[in-house]
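Read off the chains here:
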Amino acid sequence: MVVLRKLPGMPGWPAALGLRLPQKFLFLLFLSGLLTLCFGALFLLPDSSRFKRLFLPRRATASASSSSSSSASSSSASSSSTRDTDLPRSPPAAAEPRHASPAAPRRLREKLRTAARMAGPPAHTAPGSRQQVQGGERRVQPATGAPPARETRAPFRFDYEQFRRSLRHPVRGRRPGEDPETRARRMKIKEMMKFAWDNYKQFALGKNELRPLTKNGHIGNMFGGLRGATVVDALDTLYIMELEEEFQEAKKWVEKSFDLNVNGEASLFEVNIRYIGGLLAAYYLTGEEVFKSKALELGEKLLPAFNTPTGIPRGVINLGSGMSWSWGWASAGSSILAEFGTLHLEFLHLSELSGNPVFAEKVMNIRKVLNRVEKPQGLYPNFLSPVTGNWVQHHVSIGGLGDSFYEYLIKSWLMSDKKDSEAKKMYDDALEAIEKHLVKKSAGGLTYIAEWRGGILDHKMGHLACFSGGMIALGAEHAGEERKQHYVNLAAEITNTCHESYARSDTKLGPEAFRFDAGSEAMATRLSERYYILRPEVVESYMYMWRLTHDPKYRQWGWEVVKALEKHCRVEAGFSGIRDVYTTTPIHDNMQQSFFLAETLKYLYLLFCEDDVLSLDDWVFNTEAHPLPVNHTNFKASVQ
Ligand code: DMJ
């Protein structure tokens, strides 16, 4: 330390005081304690204090006050929680400043500061630390004793008109002449959508799903007290199918009855893909402000789930208190790859629409953690600890628990207008590892993707994994010339295998999982895997394969699914899943899943549309089939 340096010709001043070695040591200890105390006291001074402004950078003080609302909500959360105490708890929100995450790329923060300076205060943040939200006003607490933040943020207004001008195709296509059969089939699917909606509206409006046999509603426990999952999931499908009256009914429900002030435990993933995704898509398609403001308000409620030591969010969040947990069934308090890896698209759009970088920062940090951790054989296991950032178990699957993580890598790149090369590289590397270790051919010549448990293969493919034909097709178009044909073939082979799982059943609908062992080929071998719950993944792949190849067999296969749904799943008051696809007198499960309206019917409809309806030049579908626009206009608030 400079003050104790010996001056030439003079004894050092502790020596001058006549101190011995142990006393010198004690003296030094005392002095350094004193200095630490003095510096620490600076943090207790009000923001206006000159001393504080002298010693601390300006930005840190501003972010301290802006982070206070999340700290406040989190601390009140701890006292109001009713959850079991044996589940891992999130650390206090204060551990992670809201607007100045150390993980945020510097380039992004600089860009946002410049954008904010050019644009003025955000539309939803008036000066004086008040935040306007649809249907009310919420106070943003300033830091204790601090005056309102000096650095008022510039108003941010998303330019919807400019966004619409940036689209390369009319959203609902140009409708050139088409053959009458294709049109008739499309109209049939539109009729199915109307039937599904009308029955939901009549018997279950405001509940999450329709129970078509008992003609009532189902709420479930995935959405933390939020209601109307079917309404929000159906909005964009109704719009695309030009079911105008029905769309207005759904919109009215969102305006009048969609209550976000709920207090229950929700799946972060499900709320994101269904509600945030559905609201964002509805906004981009229509420009109706109500969808945007609800999406942003809900997005804010999800943020406390990210307050973990690594920033990897936990799977369950109480939307009222902000407390978050890992799923009880997830080993050692881990977070699930397909859950925390399926936020990227929606969160970039939340930043884009709000001008608030916090959403983009959260998902960019997830990517950073994933890039840091070592991948066994280049594969991504399904369970990661949000505390240590390490894998918890070596189970790899492109089906449940892993699936949409891979999907969001290639779609992040596409959504960035092919600028996010990091996402593309992660996708390419992951697909290479999957091909090397998991892609197999059955004795009967069917290509499938097995699961991997610590190096041992499980020769099973879940229905969920059937989305991968479509994903590989989507990526194939953009692979280098020499890889392109290879990936087109791989996508076609996997889609064919999934079609076989349908074709080999008595109902012509596919089971929840099918196997390639003990003489079985693309069939369920366990009773518990024979059900079909109106899932979309197989028709999703037909749709992408159709757009890529225009091979008429994909429309033919899609039409077989339409006929099977009509025959085995349509009941008096809606559509129902079935418990066994291998019997033609199926038992219904009495549930019309919301994703049937969001995904299954939408993908079927698009299969019989021209390619310019929700063109893949302009849109990427989130994992719940909600279309989100490609960034042709250089997102201001997200990372390139
Ligand atoms: C949907 O909610 C989404 O597609 C999700 O990614 C996985 N499963 C269901 C439909 O099967």
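Right above here is the structure, for reference.
Note that the coordinates shown come from a computational prediction; the quantities given were computed from them, not determined experimentally. (Residues numbered from 1 in each chain as written. Predicted model: local features only at pLDDT ≥ 70, side-chain atom pairs only at ≥ 80, totals over all residues. Heavy atoms only, no water.)

Draft legend 1. Broad picture of the sheet that holds strand E8 (residues 324-325). Pairing is antiparallel in the open sheet, where three strands are placed in the order E6-E7-E8. The two strands at the open ends of the sheet, each matched to only one other strand, are strand E6 (265-267) and E8. Relative to E8, strand E7 (residues 316-318) is paired through two bridges, and the arrangement is antiparallel. By the bridge assignment for E8, Val316 is matched with Trp325. (Pairing = 2+ DSSP bridges. Helix = DSSP H or I, 4+ residues; strand = E, 2+ residues; numbered from the N terminus.)

Draft legend 2. Quick look at the state of the cysteines. Taken as a whole, this structure holds one disulfide when the rule is applied. For Cys466, the disulfide goes to Cys498, at an S-S distance of 2.1 Å. On the S-S bond that ties Cys466 to Cys498, the torsion sits near -90°, and the link is left-handed. A residue pair is termed long-range when its members are at least 10 positions apart, and Cys466 in the loop between strand E17 (460-462) and helix H18 (468-476) and Cys498 in helix H19 (residues 481-503) qualify at 32 residues. By the burial criterion, Cys466 is buried, and Cys498 matches it. (Disulfide = S-S within 2.5 Å. Buried < 20%, exposed > 50% of the residue type's maximum accessible area, 1.4 Å probe, protein only.)

Draft legend 3. Quick peek at empty space enclosed by the protein. Inspection of every chain in the model, using the stated rule, returns 12 cavities of 30 Å³ or more. Lining the second largest cavity, in full, are Phe340, Gly341, His344, Val363, Ile366, Arg367, Leu370, Phe405, Tyr408, Leu409, Ser412 and Met426. Tallied by class, the residues present in the lining of the second largest cavity amount to eight nonpolar, three polar and one charged. (1 Å grid on protein atoms, 1.4 Å probe; cavity = no way out; pocket = protein on both sides within 12 Å on 5 of 7 lines; lining within 4 Å. Points joined across faces, edges and corners; volume = space filled by probe spheres on them. Nonpolar A, V, L, I, M, F, W, Y, C, P; charged D, E, K, R; others polar.)

Draft legend 4. Region of the structure containing the site of the ligand. Neighbouring the ligand are the residues Phe269, Ile273, Arg274, Leu464, Arg535, Pro536, Glu537, Phe595, Glu599, Thr623 and Glu624. Within the contact set of the ligand, an oxygen atom lies 2.7 Å away from a side-chain nitrogen or oxygen of Arg535. Separating an oxygen atom of the ligand from a side-chain N or O atom of Glu624 is a distance of 2.6 Å. Protein chains shield 92% of the accessible area of the ligand, which is 300 Å² for the free molecule. Elements represented by at least two residues in the shell around the ligand include exactly helix H11 (268-286) and helix H22 (594-607). With three residues, the single largest contributor to the shell around the ligand is H11. (Near = heavy atom within 4 Å. Polar contact = N/O pair within 3.5 Å; in protein donor to acceptor, adjacent residues only side chain to side chain. Areas by Shrake-Rupley, 256 points an atom, 1.4 Å probe, with all protein chains shown as cover.)

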